[in-house]
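Geometric and topological summary
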Amino acid sequence: MTLHKIESIKEFGGYLNRYTHQSDVCNCEMTFSVYLPPQAKKGKVATLYWLSGLTCTDDNVRTKAGMQRYAAEQGIALVFPDTSPRGGDVADEPEHYDLGKGAGFYVNATQEPWIKHYQMYDYVTQELPTLLEANLLLIPELRSISGHSMGGHGALICALKNPDTYQSVSAFSPICNPVNGDWGKGCFTAYLGDNEEEWKAYDATALIEQGAKMPELLIDQGLADEFYDEQQLQPESLQAACEHADQKITLRMQAGYDHSYHFIATFIGEHIAYHAKALARHK
């Protein structure tokens, strides 16, 4: 696979680059961004993958979260994948923001018409890291993962299903128990079919109940988040599962904060420091 650089912007001594490539997994051209900190000029660096939420592309986080400054201080690369396959022949439901383009939900679809392109779990956990580590100065064994909302769900399941691949995981306002929420039920039915037992393979709460483990889960949830009030996120379900399974979880309920990137920008420095500490332990 060939990387095509389409943009490069200098930030905080490093470079925010944007690339396209033809994805074998998603069967279409994919776009993503990478921030390479100034330390990458001297050698390979660890990587934090960030998975974005519903309706987003790679552009939302790189322009709104302010992550690059902290990544430069810590010497960590940032990878910002897209949230779904794109292109004219990619299946979509334009009238539904929570299904189709912008809403890949980080699963491998098994149902038509989604199965041809919607393989975002394999894309994030296998194809994209392999591509980047072959072409950029990234250390294969030093990966961590984080995300927001649907991307927080994605970060949690990717880490819990691959505990030897990621050194740490965190999330902002994640969808913690999608098998019991409207967003999850709608997408999982479309992408995975009617067998709800199969949905649990992509549900962080269910994975914990089935014995999945990480050293720790760090989650920030705003108490003024409208989707929290609508029971789309359900962090308490995940917390209860973790307590029952003796899985360490730090769930910080942040008064006054909503679901937006204003919330993320407020606490992202703490998350970057959290991941930097975990990655440093494994160098």
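Before reading further, recall that the structure is shown in the block above.
Description of the structure in this document.

Reading the values: rules and limits
Residues numbered from 1 in each chain as written. Predicted model: local features only at pLDDT ≥ 70, side-chain atom pairs only at ≥ 80, totals over all residues. Heavy atoms only, no water. Phe/Tyr/Trp six-rings, centres within 6.5 Å; stacked < 30°, edge-to-face > 60°. Helix = DSSP H or I, 4+ residues; strand = E, 2+ residues; numbered from the N terminus. Buried < 20%, exposed > 50% of the residue type's maximum accessible area, 1.4 Å probe, protein only. Pairing = 2+ DSSP bridges. Axes fitted to C-alpha atoms, helices over the stretch in contact; angles between N-to-C directions. Contact = heavy atoms within 4.5 Å. Right-handed = clockwise from strand over helix to strand, strands pointing away.

A few words now on the packing of aromatic side chains. Aromatic rings considered in pairs are described by the distance between their centres and by the relative angle of their planes. Under the criterion given, the structure shown has 13 aromatic pairs. Residues Phe-172 and Phe-263 carry aromatic rings whose centres are separated by 5.6 Å and whose planes lie at 85 degrees to one another, so their mutual orientation is edge-to-face. Highlighted residues: Phe-172 in strand E7 (residues 166-172) and Phe-263 in helix H10 (residues 261-281), separated in sequence by 91 residues. Ring plane angle 65 degrees and centroid distance 5.9 Å describe the contact between Phe-188 and Trp-199, whose orientation is recorded as edge-to-face. Of the two residues, Phe-188 sits in helix H5 (residues 182-192) while Trp-199 sits in helix H6 (residues 196-199), which places them 11 residues apart along the sequence. Residue class for Phe-188 comes out buried when judged on its relative accessible area of 0%. The exposure class assigned to Trp-199 is buried, which follows from its relative accessible area of 3%. An aromatic cluster of at least three residues, connected via ring pairs, comprises Trp-50, Phe-172, Tyr-257, Phe-263 and Phe-267.

Turning next to the sheet that holds strand E6 (residues 138-147). One open sheet holds the 9 strands; their spatial order is E1-E2-E3-E5-E4-E6-E7-E8-E9, and the pairing between them is mixed. Bordering the open sheet on either side are strand E1 (4-11) and strand E9 (249-254), each of which pairs with just one other strand. Along the sheet, successive strands turn relative to each other by an average axial angle of 20 degrees, direction set aside. Relative to strand E2 (residues 14-23), E1 runs antiparallel, the two sharing 7 bridges. The residue of E2 that forms the bridge with Glu-7 is Arg-18. Sitting on the sheet, helix H9 (residues 235-245) is in contact with strand E8 (217-222) and E9, with an inclination near 155 degrees to E9.

Taken across its 7 residues, E7 has 7 buried, putting it largely inside the fold. Examined bridge by bridge, E6 and E7 share 2 bridges and lie parallel to one another. Along E7, the bridge assignment pairs Arg-143 with Tyr-166. Crossover E6 to E7 through helix H4 (residues 150-161) is right-handed.

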